[in-house]
Amino acid sequence: VAMSSDSDSDDGEDNQRRAGNTFAGLNLDDSDSDDSDDSDDSDDEIKQTIDAKEVDEQASDSEESSDVSIEEGSEADGLLYSQQDEISEFDDLAERSTRNGRVIQTDFVDALKQLIGGVEGTATRSIRPTEIQRECWTTMLSPLTNERDVIAISKTGSGKTLAFLVPLLCSLTLSAAKYKSKSNQQNKVAASFIYPRAIILAPTRVLAQQIFEVASTLVKNTPSLNINISLALGGASYHQQIADLLSKDPDLIIATPGRLNSLCGHVASEDSTTQEASAMCIKLDEIEELVIDEADMMLDLGFKNALSWFAQLVNTETAFGFRLVLTSATWEEETSAHLAQFESISEQEPVLLATEGAGQVVTKTVTQRVNVLAHKGAPRFNYLSKLLTMALKDDPGS
């Protein structure tokens, strides 16, 4: 889990905090082929990147972190909140209220510190939240902006998982009375459906599993968080997964798009049987928080139609409206177009939070070619030498 060092916190990096016309007036293109199955081959290819995303990054982000302050009562790029709303330290989270009035308890802050190795006696230096974490927490927990959608763009390894997990988990906690009532009702009635209050969508099983482990650790170590969390991934036994979900009745589901759509009743192909179509257990009536992690990767892996179907369903079924949080290491113009279909509760433009070194549009001018050589050894080396010689002639300064 990426954190930043306190000693390098004042390097003066300018943070971009702006609310742009990100979604307005954009149409969707539904011409892409339906790809509701979860990505299997991509897991291994990006596993190294994912593994590096949130683990042991205390030092890597420290040189680029900074404090950003807004004068009390001032307006910056359309976003208004007072200086006292800013969160720059972990302890600033304590006693903050979420968008639905839940108060963050000190045991959660302690669990958060423990998760990243910051408990007194276990760390050799003080640590602080990363830039994207401070900006997300401030925006999502400020009374003036906590109803607005958020787009968080930050490089890999900057701590985006905790940036959205902290406000989300705290907003889902139930009072002791409500939790006991829910448990009693669950024990008395054999439910046919579950009604989660939050969903996190991840593009791959590796990333979904990682988010689940971080969230589960926080909940386990925080007595005040009365939350049930479940994982729904493609590749696992479908009917066993339904049984597990019905038994656990989760408040939060972390899932990959194809499996989530199936559990919500989507028939992926014409070959699906009637039994498969009826084997669904998730209702979206009570959804109040929706996170799409690594949104650009989600679209690149072919989940455009899967997201479109899910968007239509959640827009129709949700009874009270939901806040939408999108995260990505990069952001392309077409990403906004494909995600404009989610109709959240916010009547304002989403807040765009972009840290330094992230958010660039991925170049479309690079052509990749794969040449398969039948012989090993010298033929491959000679061919590589030829390619490098040609490249140096084209660009002598490279």
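Computed from a prediction, not measured in an experiment: that's the story for all the values here.

Chemist: Please give an account of the overall build of the protein that cites residues and values.
Modeler: The helix and strand tally for the protein stands at 13 helices and 12 strands. Counting across all 398 residues of the protein, residues that qualify as buried make up 50%. Residue pairs in contact within the protein that sit at least 24 positions apart in sequence constitute 81% of those at least 6 positions apart. Counting every atom, the protein has about 19,200 Å² of accessible surface; 47% of that belongs to carbon and sulfur.

Chemist: Mind laying out the pattern of salt bridges, listing which residues take part and the relevant values?
Modeler: Tallying each qualifying case throughout the model produces 7 salt bridges. The structure contains a network of salt bridges with shared partners spanning Arg99, Glu147, Glu289 and Arg323.

Chemist: Report on the packing of aromatic side chains, specifying residues and quantitative values.
Modeler: Using the criterion set out here, one finds 2 aromatic pairs in the structure. With 6.1 Å between their ring centres and 50 degrees between their planes, Phe90 and Trp137 make a pair best called tilted. Of this pair, Phe90 sits in the loop between β4 (79-80) and α2 (106-115) while Trp137 sits in helix α3 (residues 131-141), and the two are 47 residues apart along the sequence. Of note, Lys283 hangs over the ring of Phe193, and the distance from its end group to the ring centre comes to 4.9 Å.

Chemist: An account of the confidence of the model for the protein is needed here, citing residue identities and associated values.
Modeler: Should pLDDT be low for a region, the predicted coordinates there are not to be read in detail. Across the protein, pLDDT averages 75, with 65% of residues at or above 70. Segment residues 5-37 is flagged for pLDDT under 50; beyond a separation of four residues in sequence, or across chains, it makes 97 contacts in the model. Under a pLDDT of 50 for its full length, residues 361-366 has, in the predicted model, 6 contacts with residues more than four places off or in other chains.

Chemist: I'd like a description of α2, backed by residues and values.
Modeler: Regarding α2, the residues found buried are Asp107, Phe108, Val109, Ala111, Leu112 and Lys113. If you follow the buried residues of α2, they end up packed against α3, α4 (160-172) and α6 (205-220).

Chemist: Could you give an account of the pairing of strand β7 (residues 198-201), with specific residues and numbers?
Modeler: On a regular strand, one side chain projects to one face of the sheet and the next to the other, so that they alternate. Residues Ala198 and Ile200 point to one face of β7 and Ile199 and Leu201 to the other, with burial holding for every one of them. One ladder, built from 4 bridges, connects β7 with strand β9 (residues 252-255); its direction is parallel. What sits directly across from Ile200, in β9, is Ile254. With 4 bridges joining them, β7 and strand β10 (residues 289-292) adopt parallel strand pairing. Paired with Ala198 across the strands is Glu289, a residue of β10.

Chemist: Can you lay out the packing of α2 against α4 for me, pointing to particular residues and giving the numbers?
Modeler: In contact at an axis separation of 12 Å, α2 and α4 are set at 155 degrees when each is read in the N-to-C sense. The angle between α2 and α4 falls in the class roughly antiparallel. Here α2 runs over α4; the crossing is right-handed. Here Phe108, Leu112 and Leu115 of α2 lie close against α4, whose contacting residues are Leu162, Val166 and Cys170. Tallied by class, the residues present in the contact of α2 with α4 amount to 6 nonpolar, no polar and no charged.

Chemist: Tell me what's going on with unusual backbone geometry, and back it up with residues and numbers.
Modeler: Look at Glu95: it is not a glycine, yet its phi comes out positive at around 70 degrees. Mapping Glu95 onto the fold places it in the loop between β4 and α2. Judged by its relative accessible area of 52%, Glu95 falls in the exposed class.

Chemist: Which residues make up the environment of Phe212, and what values do they have?
Modeler: Within the fold, Phe212 resides in helix α6. The exposure class of Phe212 is buried, given its relative accessible area of 18%. Remark: the alpha-carbon pair of Phe212 and Ile253, spanning 41 residues in sequence, is separated by 8.8 Å. Among residues more than four places away in sequence, those in contact with Phe212 are Ile229, Ser230, Leu231 and Ile254.

Chemist: Before we move on, could you go through the packing of α2 against α6 and cite the residues and values that matter?
Modeler: Contact pair α2 / α6: the axes reach a minimum separation of 9 Å and the direction vectors enclose 135 degrees. Taken as axis vectors, α2 and α6 run oblique relative to one another. Judged by the twist between their axes, the crossing of α2 over α6 is right-handed. Mapping the contact onto sequence places Phe108, Ala111, Leu112 and Leu115 in α2 and Val214, Thr217 and Leu218 in α6. Partitioned by chemical class, the residues of the contact of α2 with α6 number 6 nonpolar, 1 polar and no charged.

Chemist: Give a detailed account of the nonpolar core, specifying residues and quantitative values.
Modeler: If you look at the biggest cluster of nonpolar residues, it comprises 48 residues, and the most contacted ones within it are Leu169 and Ile254. By residue number, the principal contributor to this core is α4, which donates 9 residues. Not counting the four nearest positions on each side in its chain, Ile254 is found in contact with Ile200, Ala208, Ile211, Phe212, Ala215, Ile229, Ser230, Leu231 and Ala232. Judged by nonpolar contacts, the second largest core, of 39 residues, contains Ile242, Cys264, Cys281 and Phe303.

Chemist: Lay out the environment of Pro167 with the relevant residues and their values.
Modeler: Residue position: Pro167 is located in helix α4. If near-sequence neighbours (up to four positions away) are discounted, Pro167 is found in contact with Thr98, Trp137, Met140, Leu141, Leu162 and Arg323.

Here is what the cut-offs are and how they apply
Residues numbered from 1 in each chain as written. Predicted model: local features only at pLDDT ≥ 70, side-chain atom pairs only at ≥ 80, totals over all residues. Heavy atoms only, no water. Helix = DSSP H or I, 4+ residues; strand = E, 2+ residues; numbered from the N terminus. Buried < 20%, exposed > 50% of the residue type's maximum accessible area, 1.4 Å probe, protein only. Contact = heavy atoms within 4.5 Å. Areas by Shrake-Rupley, 256 points an atom, 1.4 Å probe, with all protein chains shown as cover. Salt bridge = Lys/Arg side-chain N within 4 Å of Asp/Glu carboxyl O. Phe/Tyr/Trp six-rings, centres within 6.5 Å; stacked < 30°, edge-to-face > 60°. Lys NZ or Arg CZ within 6 Å of the ring centre and 35° of its normal. pLDDT = per-residue confidence, 0-100. Pairing = 2+ DSSP bridges. Axes fitted to C-alpha atoms, helices over the stretch in contact; angles between N-to-C directions. Parallel < 35°, antiparallel > 145°, perpendicular 65-115°, else oblique. Left-handed = near helix turned anticlockwise from the far one by under 90°. Nonpolar A, V, L, I, M, F, W, Y, C, P; charged D, E, K, R; others polar. Core = buried A, V, L, I, M, F, W, Y, C linked by side-chain atoms within 4.5 Å.

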